[in-house]
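A structural walkthrough
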Amino acid sequence: MFLDLFYGLREEGVPVGMQEWLTLMDALRKNLHGSSLLRFYHISRACLVKSEAYYDRYDRVFARVFEGVEGSIDVTDEVMEWLNNPENFPKLTPEQMEELERLSSDELMRRFMETLAEQDERHDGGSKWVGTGGRSPYGNNGVHPTGIRVGGKSRNRSAMKVAEERHFEDYRTDQTLDVRQIKVALKKLRRMTRDGRASELDIDETIDETCRNAGEIELMFRPPRRNNVRLLLLMDVGGTMDPYFKPVSSLLTALHEEHGLKDFRAYYFHNCIYDAVFERASMHRSAAVPTGDLIRRFDERWKLLVVGDAAMHPAELMEPYGGIDPRLVSGTPGIDWMHRLIDHFDRSVWINPDDRKLWSHSYTTRIISKIFPMYHLSVEGVADAVAALVGAKQSAKEPVPS
Amino acid sequence: MADGNGFYKFTGTQDYIASESLVDAVNCALALERPLLIKGEPGTGKTLLARHVAEALALPMESWHIKSTTKAADGLYVYDTVQRLNDSRFGGADVSDINHYIKLGPLGRVFKATSRQVLLIDEVDKADIEFPNDLLHELDEMRFTITETGEEVAAEDRPFVIITSNNEKELPDAFLRRCVFHFIEFPERDLMRRIVDVHHKNLDAQLLDQVLIKFYWLREQTELRKKPSTSELIDWIAALLRSGITREQIESHIPFVGSLLKNEQDTEALRGYKERGGGMPSDWSELGPRYNQ
């Protein structure tokens, strides 16, 4: 039953590992839950789930696994018995068991975890190991042959009721992990420089000067180090970009939360950049900003990041009046604007959410990748793009083969 | 309070009403000697929790408030070179002894203490994204070495570490794995009644009902940028009581809205809502199903 909870969580995509599981075992061994299912619910949640985003899934798995178990439950004996039975760890040698007891090595836990995961797959469907069909001593089919006690009035609110209420539905987010990964990649988006007022005590320089001054203290100051990166984001929205809503919004979230940048602005466009871009993704006329203004307003110290799939009708990129949006008819073809942008800014990169393999299939993607260094919207791609933005200057790298 | 097994048991204090799940999480972290990571909306009492746990268990407490510039090493110790330089010029303490210039940070002081301590690491997400990773080893082992002197600072009795986070940044997995986690849910109306009771004793039950209906209704309004929190509710009730307002007066409007809404746009939004002829509920049944279970 407890393993059902554990694997149920893993199947639902909640990141629980061996360390969390062993923490829970430790807590149960200390009999923290007493004999209350509600407290077991609280404690196993505290030990297994590490973000409120997963609380809802925990509730659902818990409700499923413990369906029919009301009131009190004698968890400890059950788990202790299970833990003490070496048959439950058939894949492990006695030495491994011993190591496991010490609960020390992360590496071991990871490998043990993998073994467990493997085991689960192979024995799916009712083995003695992680049974669900009644053959297991931990089955959840409503019969309790092995000492799961039913009944005994609970003094507290029922755990099942709490779980079924599913209070945490609003907190679900399916992209938590991505954002952090992207943020770590974006961390490199800095160029530290010292400018502004000298307000930080320079200890090395002070010691040097003091010595030179025959021990008379001479305080030396310097400006603090600050990130000097200014980033302009131009983003394709709507149409072919819609399927990429999730990765793109992760990137946006990460960029918006990257407080280290000296300055950050975002504008939107649809398919291709023409005479105007928009301050808001709704692209209402009132939010239009002439692209020429961007070039005037953001000087060459800015770095340009374009996010878009670069795949469009060739005419949209190459022809005057090629734009598909009738409000935005423009005599300057998109490709001219692309050239103006890349010539103006210090560094520019293009991040493309399309699969790399698809790039060469699109005529316009091939053209644009000759103008802009193009990277894939993935954690590695973003890291490479960031390196290109702050690293040594280079021209469009290895354009997509035609 | 240590019970027979030497376990510490936290049950909330007279002034701090904790939900059952929070109490269980605290006791779980205490028994397992793991750091307790607390998340939750602002104003749900994350920071207060540490103080009240310390009070309930009669343990001394140390707080470490994290800012965007805080570095992990600052929590352990700081080597005050400037003071040493100054002393070497103007005389003072014994300059040859570097120990005079090593100042322990909050983590260092807690480790060095001879008795068990409660350590609050407040708003851990304010710091750099790598900050929690830099503390992993120290929090695991509860010891560190001062490089300048080679002295090892180790905790005799593992301190109880409470870490709060406002969710501004994602925390690293390796860090999460070591913590017991609890998310403080926004209090429901029964719990809220008990919380209000701690601050404003013997409030008229019908008045409180009206106050809570308005409060939860405001929180349900999606236009608001910042939802009012528990602490703002307490302030609002204080304002209402001072002005001697009656139940009838808050049935149809919200006086002193400034103590609940702290944002001009939010006040505007509420005014706009009223001008459009929008009504406010005066009965629980007019609120969503969540409040009527």
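Here the structure is shown first, and the text comes after it.
Comments concerning the packing of helix α2 (residues 18-29) of chain A against helix α3 (residues 37-48) of chain A
All names here are of chain A.
- For the pair α2 and α3, interaxial distance at closest approach is 8 Å and the crossing angle is 145 degrees. Crossing hand, α2 versus α3: right-handed. Along its contact with α2, which presents Glu 20, Thr 23, Leu 24 and Ala 27, the element α3 presents Ile 43, Ser 44, Cys 47 and Leu 48.
- When its residues are assigned to classes, the contact of α2 with α3 shows five nonpolar, two polar and one charged.

Remarks on the nonpolar core
- Core analysis: the largest hydrophobic core is formed by 76 residues, its most contacted members being Cys28(B), Leu36(B), Val53(B), Ile162(B), Ile163(B) and Val180(B).
- Leaving out residues up to four positions away in the same chain, Ile162(B) has contacts with Leu36(B), Ile38(B), Leu49(B), Ala50(B), Val53(B), Val118(B) and Leu120(B).
- Listed in part, the 47 residues of the second largest apolar core include Leu255(A), Ile273(A), Leu341(A) and Tyr375(A).

Notes on the interface of chain B and chain A
- Each partner contributes residues to the interface: chain B has 25 residues there, and chain A has 33 residues.
- Contributions of two or more residues to the side of chain B that touches chain A are made by α1 (20-32), α4 (81-90), α7 (173-178) and β9 (180-184) of chain B.
- Among the elements that line the side of chain B that touches chain A, the one with the most residues is α1(B), at eight residues.
- Residue composition of the side of chain B that touches chain A, grouped by class: 12 nonpolar, five polar and eight charged.

Observations concerning the sheet that holds β9(B)
Residues and elements named next belong to chain B.
- Judged by pairing direction, the sheet is parallel, and its five strands sit side by side in the order β2-β5-β8-β1-β9 without closing on themselves. Two strands bound the open sheet, and with one partner strand each, they are β2 (61-65) and β9. Each strand of the sheet is rotated relative to its neighbour by a mean of 20 degrees, with strand direction disregarded.
- For β2 and strand β5 (residues 118-122), the ladder comprises five bridges, and the chain directions are parallel. Its bridge partner lying in β5, His 65 is registered against Asp 122.

Details of the packing of α3(A) against α1(B)
- At a minimum axis distance of 9 Å, the contact between α3(A) and α1(B) shows a crossing angle of 60 degrees. Judged by the angle between their axes, α3(A) and α1(B) are oblique. α1(B) is crossed by α3(A), and the crossing has right-handed handedness. Within the contact between the two elements, α3(A) uses Arg39(A), His42(A), Ile43(A), Ala46(A) and Cys47(A) and α1(B) uses Glu20(B), Ser21(B), Asp24(B), Ala25(B) and Cys28(B).

Criteria and thresholds
Residues numbered from 1 in each chain as written. Chains lettered and ligands numbered in written order. Predicted model: local features only at pLDDT ≥ 70, side-chain atom pairs only at ≥ 80, totals over all residues. Axes fitted to C-alpha atoms, helices over the stretch in contact; angles between N-to-C directions. Helix = DSSP H or I, 4+ residues; strand = E, 2+ residues; numbered from the N terminus. Left-handed = near helix turned anticlockwise from the far one by under 90°. Contact = placed C-beta atoms within 7 Å. Nonpolar A, V, L, I, M, F, W, Y, C, P; charged D, E, K, R; others polar. Core = buried A, V, L, I, M, F, W, Y, C linked by C-beta atoms within 7 Å. Buried ≥ 20, exposed ≤ 12 C-beta atoms within 10 Å, placed from the backbone. Pairing = 2+ DSSP bridges. Parallel < 35°, antiparallel > 145°, perpendicular 65-115°, else oblique.

Everything listed here is a matter of geometry and, on its own, says nothing about what the molecule does.
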